[in-house]
Amino acid sequence: MELEDTLFSTSEYVQTHTGNKVSRQSTLCGSQNIILNGKNIIMGESMIRGDLANVRMGQYCILSKQSVIRPPFKKFAKGVAFFPLHVGDHVFIGENTVVNAAVVGSYVYIGKNCVIGRRCILKDCCMIADDTVLPPETVVSPFTIYSGSPGHCVEELPEAMQDLMIDYTKSFYQHYIPDKDVSGVNPINLVTRK
Amino acid sequence: MTHLFKSEKVQYLCTCGSLKPLCRTYFCRHCLALKCGECVFHEVDILYCSNCLENVPPGEARVKKNQCSECFECPVCDQLLLTRATNIQIPSAEDSSKLVPKKMFYLVCGFCRWTTREAGLPDQPSATGSWPDSDNVNSVRVGALLEHYRSLAQLDKFEKEQKRQLKRRSNYLSFTADKYSLSALAARKRSGLPFAGSLGMKKETPQIYKVEPAVASEETDDALDPDIFTKVLTLSNVTTIDQRIRQPERQPVKSEDLIPIHKFLSVRRSQRCRFCEHNLSKPEYNPSSIKFKIHLGAFYHVPDVIIYRLARDDMQLRLCNRSQYPTHVRLLSLDQFALIAHSKIDELERSCGEAEKEKKSASSMVGHELCESPATQAANLKSCLRNAFKEKVNVVLQLPNEPILLPARDDLAEYELTAPQNLKEDPKAVLWRKGNKVVISAPLTVIDDELEDKRTGFVFEFGAVRAGFETKEVQPQPTNVYIPVFISLGKI
């Protein structure tokens, strides 16, 4: 089925000049370290911990409600260091998920209520089903679906996964539109920062 | 997410008769037919470790029993084992009174926190490659049995070769012996002596490797410990059946006997059409790459149908063309398709008769000739018709009559603002058009209200270019391909 239009209240969201739709109720810690490449959606009550390390997200990424993106750390003999977290293009992250991975590839679908362990590597075109727990340092290879707690590879994805994710994220973005202000004034607020 | 590719709503009928969503099917450009995962050959293309993403050549994989040499799995929960280091103080090599720190490594599971120390394995001085392999108690006996059967197989092969040689030679000798004065050879054969000067054939018969026959005994090795009747059992000390079966050589009963298991290799498959034996999908050599060398998914060649809007008496379908060529699509009802198919089958059978006159039999045709032959095309149409009418349909659609143009896939089209003009289309049928996507209206009529789950079907007719004919001078003519599509509407 084609997605229905999802309306969001204009007072709640901020749209930047690169097309990112960021909710005012989300927490972006250390926003100078967070790079959103354009046309991303950050929904309400989610959190990106840019204060720990750099976070870079590609285009058309969707971060659903109450999710957390937190860069992973590594214990050294002399202390703890946080590593940057890179998220690729066309990634969908479901609600209530904690992403602690080192790298999330492109065209990835992460379900809701998942826990992605620290320093995990999610390659391109993979899928993490709902309610999955991935232990630390798991490598998820392309075209696989991981499910369960602990996560095991359960199924294989079709080869068209890349185009399916592109279509899905683009249509999600296009259908995520603001409801019009009553007075007819242009409801989109532009801010200069990313 | 289930609507992305697990959706059972819109399904395409494959040549084998099974219904699959479009993304799970392949389109053979030589047969011009839809093939699903069940009617293609699956071949192992690449063996790789899913953790270190390293390619393993097939010969090496066979030697290592399809296991990665570097990566280990936890015997308790089947997750990856991580290498941790500790520092211990040992006397240094030069001066035995001084203590020098040295790194020792052990494995720990990230999920259940099992460590190699629980199995009693000592910490290793090097990070990789030094963990002991599981010892197989029966390996000597199994090896001896394998040798025995291998020698038996060789003996069989030798005897077969001999029989074949004798058979050939017997005919030869009986007919030509007197003619070419080979009577000496004939005499030798009659007396039963072996053939002299035997052209490099081994004269000795292979020996059978002798093995002692097994002796049956009443006592077994894995008898139940009598303590089980007297002492209290702690379940955490006993392995589960899953854990035991994961190490079939040892099958430890106690948890303290569990040792790390080498991680098994994963496989990337390539698919091949069963009929014309062309490759349909072949991945790249690098396991972390998402590109394909050959990628003939139906998603990229057959127009895609999605339910755009659904109401009690009206449905809107969105057609999307993801191929490089524009195509004209016609949506036919099942009865219309039956009429067209019957007339085509008659036409093809007539041309079949003419081909027979040219003395071309099916067995002599190979590759694209076989796919193109009228006999094959007629057979395909017949089976398609038969499979399409097996599906029960209880809702009828009112489909547009004229062919609808679906432009080719163009990634820059989304930045274009003007829609293509000069298209004379019925505005009631084609509601909306953007790039390579078209929304058409298809009003519903329920014919059978008994079942709650409503299903409807129609047949796609679109033009596809047959592979193998692309030359620069001549533009290949598209042939019409018919694919039945069935949509489950659920309860409306």
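One can find the structure itself at the top, above this paragraph.
Attention here is on the structure that accompanies the text. Here the structure is a predicted model, which is why all the values come from computation and not from measurement.

What counts, and at which threshold
- Residues numbered from 1 in each chain as written.
- Chains lettered and ligands numbered in written order.
- Predicted model: local features only at pLDDT ≥ 70, side-chain atom pairs only at ≥ 80, totals over all residues.
- Heavy atoms only, no water.
- Phe/Tyr/Trp six-rings, centres within 6.5 Å; stacked < 30°, edge-to-face > 60°.
- Helix = DSSP H or I, 4+ residues; strand = E, 2+ residues; numbered from the N terminus.
- Buried < 20%, exposed > 50% of the residue type's maximum accessible area, 1.4 Å probe, protein only.
- Pairing = 2+ DSSP bridges.
- Contact = heavy atoms within 4.5 Å.
- Patch = residues over 30% accessible without salt bridge, like charges linked within 9 Å, V, L, I, M, F, W, Y side chains within 5 Å.
- Areas by Shrake-Rupley, 256 points an atom, 1.4 Å probe, with all protein chains shown as cover.
- Salt bridge = Lys/Arg side-chain N within 4 Å of Asp/Glu carboxyl O.
- Expected span 1.5 Å × (residues − 1).

### A closer look at the packing of aromatic side chains
Residues and elements named next belong to chain A.
- Within the structure shown, the criterion is met by 16 aromatic pairs over all chains.
- Ring geometry for phenylalanine 92 against phenylalanine 172: centres 5.8 Å apart, planes inclined by 70°, an arrangement best described as edge-to-face. On the criterion of sequence distance, the pair formed by phenylalanine 92 in strand β14 (residues 92-93) and phenylalanine 172 in helix α1 (residues 161-175) is long-range, its members being 80 residues apart. An identical accessibility class is assigned to phenylalanine 92 and phenylalanine 172; each is buried.
- When the ring of tyrosine 109 is compared with that of tyrosine 168, the centres are 6.3 Å apart and the planes differ by 50°; the resulting orientation is tilted.

### Some remarks on the sheet that holds strand β24 (residues 152-156) of chain A
Residues and elements named next belong to chain A.
- The sheet built from nine strands is open, its strands ordered β2-β3-β6-β9-β14-β17-β20-β23-β24 with mixed pairing. Every interior strand has two partners, whereas the edge strands, β2 (13-15) and β24, have only one.
- Of the strand pairs in this sheet, β14 and strand β17 (residues 109-110) are connected by two bridges, and their pairing is parallel. The residue bridging phenylalanine 92 from the neighbouring strand is tyrosine 109, located in β17.

### Side note on the side chain of serine 23 of chain A
Residue and element names in this part refer to chain A.
- The topology assignment puts serine 23 in strand β3 (residues 21-23).
- Of the residues examined, serine 23 reaches a relative accessible area of 3% and is grouped as buried.
- Filtering out sequence-adjacent residues up to four positions away, serine 23 remains in contact with Glu12, Tyr13, Ile42, Met43 and Gly44.

### Points about the environment of asparagine 51 of chain B
- Relative to the elements of secondary structure, asparagine 51 of chain B occurs in the loop between β5 (40-48) and β6 (55-56).
- Taking the C-alpha atoms as reference points, asparagine 51 of chain B and glutamate 73 of chain B, separated by 22 residues in sequence, lie 10 Å from one another.
- Setting aside residues up to four positions removed in sequence, asparagine 51 of chain B forms contacts with Glu137 and Val139 of chain A together with Cys71, Leu80 and Lys263 of chain B.

### Description of a nonpolar patch on the surface
All names here are of chain B.
- A cluster of nonpolar side chains, Leu224, Ile228, Phe229, Leu233 and Leu235, forms an exposed patch at the surface whose accessible area comes to about 590 Å².
- With respect to the element layout, leucine 224 can be found in the loop between α4 (183-191) and α5 (227-230).
- Since its relative accessible area comes to 61%, leucine 224 is described here as exposed.

### Digging into α1 of chain A
All names here are of chain A.
- Helix length check: α1 (15 residues) gives 21 Å between terminal C-alpha atoms against 21 Å at 1.5 Å per residue, within 8%.
- Most of α1 is tucked away: eleven of the 15 residues are buried.
- Residues of α1 that are buried: Met161, Asp163, Leu164, Met165, Ile166, Tyr168, Thr169, Ser171, Phe172, Tyr173 and His175.

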